[in-house]
Amino acid sequence: MTQQADLFKKLVAHSKEYGFIFQSSEIYDGLAAVYDYGPYGVELKNNIKDYWWAAMVQMHDNIVGLDSAIFMHPKTWKASGHVDAFNDPLVDNKDSKKRFRADVLIEEEIDKILGKADKEVEKAKKKFGDSFDEALYRTTNPRVLEYTQKAQVVTDRLTAAMSNGDMVAMKTIIEDLDITDPDTGSRNWTDVRQFNLMFNTQLGNIAGEEGKLYLRPETAQGIFVNFLNVQKSTRQKIPFGIAQIGKAFRNEIVARQFIFRMREFEQMEMQFFIRPGEEMKWYDYWKQTRMNWHRKIGTPESKLRFKDHDNLAHYANAAVDIQYEFPFGFKELEGIHSRTNFDLTSHQDLSGKKLQYFDPELNENYVPYVLETSVGVDRMFLAMMSESLQEETVPDADGNDSTRVVMKLHPALAPIKVAVLPLLKNREELVKAGTDVFNKLKFSFQCQYDEKDAIGRRYRRQDAIGTPFCVTIDFETLENNTVTIRERDSLKQERVHIDKIEEIVRQRVDMKTLLL
RNA sequence: GCGGAAGUAGCUCAGCUGGUAGAGCAUCAGCCUUCCAAGCUGAGGGUCGCGGGUUCGAAUCUCGUCUUCCGCUCCA
């Protein structure tokens, strides 16, 4: 565990030092759980997105792309259930340090009170035997009435407090009822606080509820509301999918573990529209397809696993996570959810617009079922970083052991594909030849030219950012137009003609190798 | 949000009981150098996270705050 923690620390430090990830607004002490991607980070991130897009959209003739806006009509989030379900009143017990949902605590207390009433009824039932009239007893017995009335009063207060969002009233209820921590019996509560996981902002200058807008907490809804637009404009037939990559925002209570849980994050989502009743077939299909995608990029099988959801979300009838073993344990990388027709039906009901598909084969209209795959881009990025960052012992110039830090990223994901390095910088001919090679290669790949420091140091610098190939220009280049091309992982060098470089590099960095 | 730990140069860290900041690596310039973190010379870079307090004097003591990590908690 310490070794793992150590690895994670190194990863965070490496990310900053080599320009992959910076903390947001660092000069102002940073902004919690918000991060920026540096020059190499953005390249790696773009490559991850390209790989996903190619695998999903380019390789499936029945999946098309979409880029919907972050702002959506507020009713969208009412329909999706986010307005209600993303809103929790929470309270902490200061002694036990445990956190509870205030409304749940109060509801449990109401159940307790009603339980007392039931007990009275049970006692009376035993006493009076067959002649017992339960309904009459419940409406007349003073003690039972006292309990039921008390429960009713509390229920009304709770309902009022919840619908008004009155957190002070919630606290008062907890105090009035002498609610204690279920485990420790402590009554030492903090104030009740409302946690809305959606960020909101204002549209134009309109204040209040009228102009209230949310930053989307997921990209999926942009796909659902455009379902018919896309289907009609591209003449799709079910089954078909809509893919989207975009930012989403959640005001997480605890956002931690570097870029694993951020308040602003990016998702790669695909909603696959299918016939009702076929969801389990597609659920299995996408489980396997998505798992293969992760394996293809070089993530070892031992570090990937499926994890079924114990509690299903309100919209799902089956859900599984693909987890990756991060330095801090197995955590979710991607979710695959059978979302039923919950979202489309809900939007149809609230908007009054039909969101149905006419299936010519069945000769009937229906609201399609939806199978969702959703990858966190940032989590994928973190997984790739954790997987590829390694320390190795290699011989130095004198044959002694030296440590090299190398990022063994899949060549298709590497930020820089080729580095062009003239052996010496004080020989004009070498510099000239190097510049020529660089200027040629830059049309095909993300390249870097470097002439500073000894050649060994430059190799290590490229290793640290995961560059798969280093092309070195030496004196032989000047004679016969050949260069050495050094491979990152094996450290092997091969002498090839200048005209061959592009082909050799392309073979390894092309996405095509991942899509087959 | 609670508890624990930490925050000093780009990175890793030193700075003893208060006396106004240092190392290694990195960066930049020049010289040298014919393949895996070489050498020489020189240079730049720090309001010691931020803000109060104590003190003649605070990186050091104290309070608050922000950020990060770990544990709880939460998690669509």
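Note: the structure precedes this text.
Residues numbered from 1 in each chain as written. Chains lettered and ligands numbered in written order. Predicted model: local features only at pLDDT ≥ 70, side-chain atom pairs only at ≥ 80, totals over all residues. Heavy atoms only, no water.

Student: Hey, could you run me through the overall build of chain A in this one?
Tutor: Scanning chain A from N- to C-terminus turns up 18 helices and 23 strands. The C-alpha radius of gyration of chain A comes to 30 Å, more than 25% above the 24 Å expected for a compact globule of 516 residues. In chain A, which comprises 516 residues, the share counted as buried stands at 49%. Counting every atom, chain A has about 26,200 Å² of accessible surface; 49% of that belongs to carbon and sulfur. Within chain A, the 80 negative side-chain charges are centred at a point lying 1 Å from the centre of the 71 positive side-chain charges. (Helix = DSSP H or I, 4+ residues; strand = E, 2+ residues; numbered from the N terminus. Rg over C-alpha atoms; globule rule 2.2 N^0.38 Å. Buried < 20%, exposed > 50% of the residue type's maximum accessible area, 1.4 Å probe, protein only. Areas by Shrake-Rupley, 256 points an atom, 1.4 Å probe, with all protein chains shown as cover. Lys, Arg positive; Asp, Glu negative; His and termini not counted. Charge placed at Lys NZ, Arg CZ, Asp CG, Glu CD.)

Student: Looking at this structure, how should I read the sheet that holds strand S9 (residues 240–249)?
Tutor: The strands that make up a sheet are held in pairs by hydrogen bonds between backbone atoms, and each pair lies either parallel or antiparallel. The sheet built from seven strands is open, its strands ordered S3-S9-S10-S16-S13-S12-S11 with mixed pairing. Two strands in the sheet have a free side with no partner beyond their single neighbour: strand S3 (63–66) and strand S11 (304–308). Neighbour to neighbour, the strand axes of the sheet diverge by 25 degrees on average, direction disregarded. As defined by bridge partners, strand S10 (residues 264–274) adjoins strand S16 (residues 369–376) across eight bridges and the pair is classed as antiparallel. Note on S16: the bridge partner recorded for Gln 271 is Glu 372. Against the sheet, helix H13 (residues 377–388) touches S10, strand S12 (318–326), strand S13 (329–340) and S16, its axis set at about 35 degrees to S12. (Pairing = 2+ DSSP bridges. Axes fitted to C-alpha atoms, helices over the stretch in contact; angles between N-to-C directions. Contact = heavy atoms within 4.5 Å.)

Student: What's the story with the nonpolar core in this structure? I'm lost.
Tutor: A general trend in soluble globular proteins is that nonpolar side chains are found buried together. One finds Phe 20, Trp 52 and Phe 381 to be the most contacted residues of the largest nonpolar core, which totals 60 residues. Considering every element that reaches this core, the biggest residue donor is helix H2 (residues 39–58), with nine residues. Not counting the four nearest positions on each side in its chain, Phe 381 is found in contact with Phe 20, Ile 21, Tyr 37, Gly 41, Leu 44, Lys 45, Ile 48 and Ile 259. (Core = buried A, V, L, I, M, F, W, Y, C linked by side-chain atoms within 4.5 Å.)

Student: Looking at this structure, I do not really get helix H5 (residues 102–128). What am I missing?
Tutor: Turn by turn, an α-helix covers 3.6 residues, leaving residues three or four places apart pointing in a common direction. Look at H5: 40 Å from first C-alpha to last across 27 residues, which is about the 39 Å you get at 1.5 Å a residue. When H5 is considered as a whole, its buried residues turn out to be Ala 102, Asp 103, Leu 105, Ile 106, Glu 109, Ile 110, Ile 113, Ala 117, Glu 120, Val 121 and Ala 124. Two residues or fewer after H5 comes Gly 129, characterised by a positive phi angle close to 65 degrees. (Expected span 1.5 Å × (residues − 1).)

Student: I tried to follow the pattern of salt bridges on my own but got confused; where do I start?
Tutor: A pair can form between side chains of opposite charge whenever their charged atoms are brought close. Applying the stated rule across the entire model yields 37 salt bridges. Lys 247 is the partner of Glu 264 in a salt bridge, and the nearest nitrogen-oxygen pair spans 2.8 Å. With Glu 264 in strand S10 and Lys 247 in strand S9, this pair connects stretches of sequence that are 17 residues apart. Since its relative accessible area comes to 31%, Glu 264 is described here as partly exposed. Close ionic contact of Glu 476 with Arg 495 constitutes a salt bridge, the shortest N to O distance being 3.2 Å. You can see Glu 476 sitting in helix H16 (residues 475–480) and its partner Arg 495 sitting in strand S23 (residues 493–497), a full 19 residues away along the chain. Residue class for Glu 476 comes out partly exposed when judged on its relative accessible area of 33%. The network of salt bridges with common partners includes Arg 275, Glu 278, Lys 281, Asp 359 and Glu 361. (Salt bridge = Lys/Arg side-chain N within 4 Å of Asp/Glu carboxyl O.)

Student: Whenever I open this one, the pairing of strand S18 (residues 401–407) confuses me. Can you help?
Tutor: Both faces of the sheet carry side chains from a regular strand, because those side chains alternate between them. Pairing of strand S17 (residues 389–395) with S18 involves seven bridges; the strand directions are antiparallel. Of the residues in S18, the one forming a bridge with Glu 391 is Val 405. The antiparallel hairpin formed by S17 and S18 contains five residues in its connecting segment, where Gly 399 sits at a positive phi of about 85 degrees.

Student: Got a minute to help me understand helix H17 (residues 501–509) in this structure?
Tutor: Those residues of H17 not exposed but buried are Ile 501, Val 505 and Val 509. In an axial view of H17, the angular spread of the buried residues amounts to 35 degrees, which keeps them on one side of the axis. Tucked into the core, H17 has its buried residues touching strand S19 (418–422), helix H14 (428–441), strand S21 (469–473), strand S22 (482–487) and S23. (Arc of directions from axis to C-beta.)

Student: Honestly, the side chain of Ser 386 in this entry has me stumped. Any pointers?
Tutor: Along the chain, the position of Ser 386 falls in helix H13. Accessibility expressed as a relative area gives 8% for Ser 386, which makes it buried.

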